[in-house]
Amino acid sequence: MLQDIKELTKDQLILWLEDRSIKSYRAKQILMWIYLRQADTFEVMTDVGKDIRKCLARHFSIKRLEKERTEISQDGSKKFLFKLIDGKYVESVLIPEKNHYTLCISSQVQGCLFCLTAKGGFIRNLTKGEIIAQVRDVANDIGGSKRLTNIVMMGMGEPLANLSNVVGAVATITDSDAGLGFSSRRVTVSTSGLIPKLSQLGRETAVNLAISLNATDNKTRDMLMPVNRKYPLEKLLDACARYPLVARRRITFEYIIIKGVNDSEEDAKRLARLLRPIRAKVNLIPFNTFEGSDFERPEEHVILTFKEILNNNNYTAVIRHSKGQDISAACGQLSANLMRDA
Ligand code: SAH
């Protein structure tokens, strides 16, 4: 089977071309066709010599993900179920905002106790090309005047457990010269907190960092997120304090607020204290319930009080009601239906 050309970095493509005595500037031309002009074949790359195009077509493919199913929510979010070449599935969610779109993409399949996505168990890492393809294919799909400007890696999987592919994909997604051209200010990688990988993400990319915190003490976090047993709260926050943040940026802490588990006023105060050494902001996500879940969403006034305590401690805290709940596209719900069907 031919290799998907999106798996190559620009430098690797340059080397490949040079090995065949083809000038390196051709790499940029080829990549611009793929990412800027969304070319599906080498044949259409008319400013690249015919022999070079033929040679490329003998060695590489320009794959798209197979769109198995799309679902549209009442709130306008659109969930894509993609079938990968080995028959596995991955989901991406396109979220309409006021003036732009945000796309939530996946990095692998794996997860936490309370997260329905995780119930399918770990399957495998996505390749660099598969991560890029979610963005490239959905961008190609969007009509109308609203543009896709923001990417969040908050879909299925733990990006830092697949860091080299994630870093490679981010390089192409944010390359304004010969890639997809997203501003790294508008790309966010969310992690459950794999401490040893954090600084590498900070060194090798300039994306925004989001941490799924979800608790303010180890006992609760251990219960919600098994990863905490290995990388406990105080060590995680310490690593965040040392994270090589881009100037004027803040780390986003995601906090799913669950009834009777982590929603007390003490939790809110403790959270404010814990975050003090860090340039931080907080996204409060009311828990999205699902069939068979042991957890519930707190009442609205509890969520508001939690937010106000953070605000009174000078934190930006925003309540994020996930979109796309009716089509299982909200946080923690990806791949849920599929797993149930299977
Ligand atoms: N593994 C990464 C990327 C996934 S992000 C990470 O943990 O950050 C998915 C986000 O959805 C996480 O912040 C997670 O805490 C949240 N989430 C999972 N299940 C949820 C649910 N049922 N309701 C609300 N948020 C949920």
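The structure we're discussing is the one just above.
The following refers to the structure shown.

### Details of the overall build of the protein
Scanning the protein from N- to C-terminus turns up 12 helices and 12 strands. Its C-alpha atoms give the protein a radius of gyration of 21 Å, near enough to 20 Å, the size a compact globule of 342 residues would have. For the C-alpha atoms alone, the extent of the protein along its principal axes is close to 70 × 45 × 40 Å. Within the protein, buried positions represent 52% of all 342 residues. Across the protein, every contact between residues at least 6 apart in sequence was considered, and the portion connecting residues at least 24 apart equals 65%. Computed over 51 positive and 40 negative side-chain charges, the separation of the two mean positions in the protein equals 5 Å.

### Remarks on the site of the ligand
Looking at the ligand, there are 19 residues lining it, with Gly 157, Ser 190, Ser 212, Ile 256 and Asn 288 nearest. The contact in question runs from an oxygen atom of the ligand to an N or O atom on the backbone of Ser 192, over 3.5 Å. Contact with the protein chains removes 95% of the 550 Å² of surface that the ligand exposes when unbound. Going through the elements one at a time, strand S8 (187-191) and strand S10 (251-257) are the ones with two or more residues in the shell around the ligand. When grouped by side-chain class, the residues that make up the shell around the ligand number 8 nonpolar, 9 polar and 2 charged.

### Some points on the nonpolar core
Counting 95 residues, the largest nonpolar core has Ile 30 and Phe 253 as the members making the most contacts within it. Both domains that furnish three or more residues to this core are identified here as domain 1 (3-61) and domain 2 (66-341). Beyond its immediate chain neighbours, meaning those up to four positions away, Ile 30 contacts Ile 5, Leu 13, Leu 17, Phe 42, Met 45, Val 48 and Leu 56. Membership of the second largest hydrophobic core comes to 6 residues, among which are Val 93, Ile 95, Val 152 and Ile 327.

### Remarks on the pattern of salt bridges
Across all of its chains, the model carries 17 salt bridges by this definition. Arg 270 is the salt-bridge partner of Asp 267, the closest N and O atoms lying 3.0 Å from each other. Placement of both Asp 267 and Arg 270 in helix H10 (residues 265-275) is noted, with a separation of 3 residues, approximately one turn of the helix. According to the relative accessible area criterion, Asp 267 is buried, its value standing at 7%. Here the salt bridges do not stand alone but share partners, grouping Asp 40, Arg 64, Arg 136 and Asp 137 into one network.

### Points about the packing of aromatic side chains
For the coordinates displayed, the defined rule picks out 4 aromatic pairs. With centroids separated by 5.7 Å and ring planes inclined at 10°, the aromatic side chains of Phe 80 and Phe 82 adopt a geometry described as stacked. Assessed through its relative accessible area of 1%, Phe 80 is described here as buried. Note that Arg 20 overlies the ring of Trp 16, its terminal NZ or CZ placed 3.9 Å from the centroid. Over the ring of Tyr 101 we find Lys 146; its NZ or CZ atom is 5.5 Å from the centre of that ring.

### Focus: the sheet that holds strand S5 (residues 89-96)
Ordered by their spatial adjacency, 10 strands build an open sheet running S3-S4-S5-S6-S7-S8-S9-S10-S11-S12, and the pairing between neighbours is mixed. The open sheet is flanked by strand S3 (66-72) and strand S12 (317-319), the only strands paired with a single partner. For this sheet, the mean inter-axis angle between neighbouring strands, taken without regard to orientation, is 25°. Sheet analysis places S8 next to strand S9 (residues 208-212), joined by 4 bridges and oriented parallel. What sits directly across from Thr 188, in S9, is Asn 208.

### Description of the pairing of S10
Of all 7 residues in S10, 7 are buried; the element is thus mostly enclosed. Here S10 shows a buried face lined by Ile 251, Phe 253, Tyr 255 and Ile 257 and a second buried face lined by Thr 252, Glu 254 and Ile 256. Pairing of S9 with S10, which is carried by 3 bridges, proceeds in the parallel orientation. Bridge pairing in S10 links Ser 212 to Glu 254. The pairing of S10 with strand S11 (residues 280-286) spans 7 bridges and is parallel. The residue of S11 that forms the bridge with Glu 254 is Asn 283. In this view, the connection linking S10 to its parallel neighbour S11 by way of H10 has right-handed handedness.

### Remarks on unusual backbone geometry
One non-glycine residue, Gln 38, adopts positive backbone phi at about 55°. Mapping Gln 38 onto the fold places it in the loop between helix H2 (25-36) and helix H3 (50-59). Within the chain, Asn 314 stands out as a residue other than glycine whose phi angle is a positive 70°. With respect to the helices, strands and loops of the structure, Asn 314 is situated in the loop between helix H11 (300-312) and S12. Look at Asn 314 and you get exposed, because its relative accessible area is 72%.

Definitions and cut-offs
Residues numbered from 1 in each chain as written. Predicted model: local features only at pLDDT ≥ 70, side-chain atom pairs only at ≥ 80, totals over all residues. Heavy atoms only, no water. Helix = DSSP H or I, 4+ residues; strand = E, 2+ residues; numbered from the N terminus. Rg over C-alpha atoms; globule rule 2.2 N^0.38 Å. Buried < 20%, exposed > 50% of the residue type's maximum accessible area, 1.4 Å probe, protein only. Contact = heavy atoms within 4.5 Å. Lys, Arg positive; Asp, Glu negative; His and termini not counted. Charge placed at Lys NZ, Arg CZ, Asp CG, Glu CD. Near = heavy atom within 4 Å. Polar contact = N/O pair within 3.5 Å; in protein donor to acceptor, adjacent residues only side chain to side chain. Areas by Shrake-Rupley, 256 points an atom, 1.4 Å probe, with all protein chains shown as cover. Nonpolar A, V, L, I, M, F, W, Y, C, P; charged D, E, K, R; others polar. Core = buried A, V, L, I, M, F, W, Y, C linked by side-chain atoms within 4.5 Å. Domains from an automatic or database assignment. Salt bridge = Lys/Arg side-chain N within 4 Å of Asp/Glu carboxyl O. Phe/Tyr/Trp six-rings, centres within 6.5 Å; stacked < 30°, edge-to-face > 60°. Lys NZ or Arg CZ within 6 Å of the ring centre and 35° of its normal. Pairing = 2+ DSSP bridges. Axes fitted to C-alpha atoms, helices over the stretch in contact; angles between N-to-C directions. Right-handed = clockwise from strand over helix to strand, strands pointing away.

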